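# Residue-level structure breakdown
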Amino acid sequence: MRIIVQEQPFDLGAEANAFAASRTDMGAVVTFTGVVRDDPSRPLRQMTIEHYPGMTERALEKIATEAQARWSLGDVLVIHRFGPMRPGEQIMMVATAARHRKDAFEAAEYLMDYLKSRAPFWKKELAADGESWVAAKDEDEDALTRW
Amino acid sequence: MRIIVQEQPFDLGAEANAFAASRTDMGAVVTFTGVVRDDPSRPLRQMTIEHYPGMTERALEKIATEAQARWSLGDVLVIHRFGPMRPGEQIMMVATAARHRKDAFEAAEYLMDYLKSRAPFWKKELAADGESWVAAKDEDEDALTRW
Amino acid sequence: MIDVLYFAWVRERIGVPREQVSTDAATVAELVEELRAREERYALAFSDLKALRVAVDQDLTDFDAPLKGAREVAFFPPMTGG
Amino acid sequence: MIDVLYFAWVRERIGVPREQVSTDAATVAELVEELRAREERYALAFSDLKALRVAVDQDLTDFDAPLKGAREVAFFPPMTGG
């Protein structure tokens, strides 16, 4: 298991390749990457992610450990950035490796669902009309009832 | 949409980076990579994938087009190899980009489920005790009832 | 004349990947009957249709499918992609 | 003495990211009452507890949680990771 919380960008491709290469006894590798949407209809200038150093790593480890207990996984990777980001930049990624695709997919979805509303990150958007904190969505909280 | 059927290896990392970079207006990118399992308890020497040129591309396009009709996707990528491969080599990948993670995950799972039993590929394994065709699994056929 | 293609173990049992067949068969099932009657290797390859899949002009279909106008029929075991 | 941390708009309303608080509060809820009584900015930040989450020693918990032995309490809005 690897949990990384960092300010600087990560290289999705390099991380995906290194992750897949580390467990070639696994038949299935799933990655999810979250991106600051660069949407022309939404004039976002910057997104800043605040986090709770210490608790963040602890919460992510707890979520990843729970995923490993629930599914048969060869490995789990979570990378999450904090600090300021521009539209189009990658915010975070998770990767799961498993013998079978169902485990790899479900575990990745589980990680994402929990990471959304149980890991201490907060997003603030800067647009032409000022700054605002992104509100948590009911649907993200509801997604947890699935597990 | 990009559908690639080729004999030579592909670079998961380079493909994932190019795919993610092409649609930065999408918030969620999911990749699935299938690997010839390099399992010490299973002395596989080689896996050879046979396919039906012409129908393969047609079937993959049909599956990807159906995924785009069912989910709100920014883009879809399918790469599938044929020919001989060694344990540890990557067989195929799919990638989906969507505004929201649920669409990206579901569409990737749909692509995989259909690709498993509706795209004309056949796997033959070569082990110390000889060659054998991999039998289709009932669970892969059953997986289609979900959609 | 119709192109008949075989894949995976069907190809191995029949011994060729494709051949041209002169037939008046109205359906895939009728074509299979004609092939079965030809030689032992065809009878063997087509002994259990439940273990086989068929595509007409590169679209998956079933053994009741009509052959009128078809240029290409392919027989193969259940697919194992991914 | 306990370390009290604030994040996101809670931090902005209170004006500091963390402070040391001398308290005998037995629970998080009691600590919140003490803070609310201090100054308007606290009353404002803690006006709707349903909009807040709390962690004691870096574990998510609820407002009934005991503070005995706790070194660190953090208040913040619902999280928006991913």
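The coordinates are above.
The present account deals with the structure reproduced in this document.

Here is what the cut-offs are and how they apply
- Residues numbered from 1 in each chain as written.
- Chains lettered and ligands numbered in written order.
- Predicted model: local features only at pLDDT ≥ 70, side-chain atom pairs only at ≥ 80, totals over all residues.
- Heavy atoms only, no water.
- Pairing = 2+ DSSP bridges.
- Helix = DSSP H or I, 4+ residues; strand = E, 2+ residues; numbered from the N terminus.
- Axes fitted to C-alpha atoms, helices over the stretch in contact; angles between N-to-C directions.
- Least-squares fit on C-alpha atoms with pLDDT ≥ 70 in both.
- Salt bridge = Lys/Arg side-chain N within 4 Å of Asp/Glu carboxyl O.
- Buried < 20%, exposed > 50% of the residue type's maximum accessible area, 1.4 Å probe, protein only.
- Contact = heavy atoms within 4.5 Å.
- Buried area = accessible area lost by both parts, 1.4 Å probe.
- Polar contact = N/O pair within 3.5 Å; in protein donor to acceptor, adjacent residues only side chain to side chain.
- Nonpolar A, V, L, I, M, F, W, Y, C, P; charged D, E, K, R; others polar.

## Section: the pairing of strand 3 (residues 44-51) of chain B
Pairing geometry for strand 3 of chain B and strand 7 (residues 121-127) of chain B, over seven bridges, is antiparallel. Its bridge partner lying in strand 7 of chain B, B:Met47 is registered against B:Glu125.

## Side note on the sheet that holds strand 3 (residues 53-56) of chain C
Residues and elements named next belong to chain C. Strand order in the open sheet formed by five strands is 2-1-5-3-4, and the pairing between neighbours is mixed. Strands with a single pairing partner mark the edges of an open sheet, and in this sheet they are strand 2 (18-21) and strand 4 (59-61). Going across the sheet, the axis of each strand differs from the next one's by a mean of 30°, ignoring polarity. Looking at chain direction, strand 3 and strand 5 (residues 72-76) are connected through four bridges and run antiparallel. Each residue of the ladder has a partner; that of Ala 55, found in strand 5, is Ala 74.

## Comments concerning the relation of the copies chain B and chain A
Overlaying chain B with chain A gives an RMSD of 0.0 Å, the required rotation being 180° about an axis along which the chain moves by 0.0 Å. The two molecules are tied by a two-fold rotation axis, judged by turn and shift. Among all residues of chain B, the one whose C-alpha sits closest to the rotation axis is B:Gly13, at a distance of 1.7 Å.

## What about the sheet that holds strand 2 (residues 18-21) of chain D?
Working definition: the strands of a sheet are paired by backbone hydrogen bonds and lie parallel or antiparallel to each other. Residue and element names in this part refer to chain D. Within the open sheet, the five strands sit side by side as 2-1-5-3-4. Their pairing is mixed. Each edge of the open sheet carries a strand with a single partner, namely strand 2 and strand 4 (59-61). Put simply, the sheet's adjacent strands are angled 30° from each other on average, direction ignored. The sheet contact formed by strand 1 (residues 2-6) and strand 2 spans four bridges and is antiparallel. Counted as the bridge partner of Ile 2 is Val 21 from strand 2.

## Some words on the pattern of salt bridges
Within the structure shown, the criterion is met by 40 salt bridges over all chains. The salt bridge partner of B:Arg99 is A:Asp39, with a shortest N-O separation of 3.1 Å. Of this pair, B:Arg99 sits in the loop between strand 6 (90-98) and helix 3 (101-118) while A:Asp39 sits in the loop between strand 2 (28-35) and strand 3 (44-51), which puts the two residues in different chains. Owing to a relative accessible area of 36%, B:Arg99 belongs among the partly exposed residues under this scheme. When its relative accessible area of 11% is taken as the criterion, A:Asp39 is described as buried.

## Some points on the arrangement of the chains
Of all three pairs of chains that touch, the greatest number of contacts is found between chains A and B. Across all C-alpha pairs, the smallest distance from chain B to chain D is 10 Å, and the two are not in contact. Chain C makes no contact with chain D; the smallest distance between any of their C-alpha atoms is 28 Å.

## Observations concerning the interface of chain D and chain A
Taken together, the contact between chain D and chain A spans 21 residues of the former and 26 residues of the latter. Considering only the surface of chain D that becomes buried against chain A, D:Met79, D:Thr80 and D:Gly82 emerge as the three largest contributors, covering 37% of it. Applying the counting rule to chain D against chain A returns three salt bridges. One salt bridge connects D:Glu12 with A:Lys124, and the closest N-O pair in it is separated by 2.1 Å. For the pair chain D and chain A, the interface holds 15 residue pairs in polar contact (both at pLDDT 80 or more). Sorting the residues of the side of chain D that touches chain A by element identifies strand 1, helix 1 (8-14), strand 4 and strand 5 (72-76) of chain D as the ones contributing at least two each. Element by element, the count of residues in the side of chain D that touches chain A is highest for helix 1 of chain D, at four residues. Classifying every residue of the side of chain D that touches chain A gives twelve nonpolar, four polar and five charged.

## A short note on the interface of chain B and chain A
Contacts between chain B and chain A engage 35 residues on the former and 35 residues on the latter. Roughly 3,000 Å² is buried in total at the junction of chain B and chain A, and carbon and sulfur atoms are behind 51% of that figure. Along the contact surface separating chain B from chain A lie six salt bridges. One salt bridge connects A:Arg101 with B:Asp113, and the closest N-O pair in it is separated by 2.7 Å. Secondary structure elements with two or more residues in the side of chain B that touches chain A: helix 1 (12-22), strand 2 (28-35), helix 3 and helix 4 (138-143) of chain B. Per element, the largest residue contribution to the side of chain B that touches chain A is eight residues, and it comes from strand 2 of chain B. Across the side of chain B that touches chain A, the residue classes tally to 14 nonpolar, ten polar and eleven charged. When strand 2 of chain A meets strand 2 of chain B, the two strands line up antiparallel, connected through seven bridges. Following the sheet pairing, A:Thr33 is matched in strand 2 of chain B by B:Val29.

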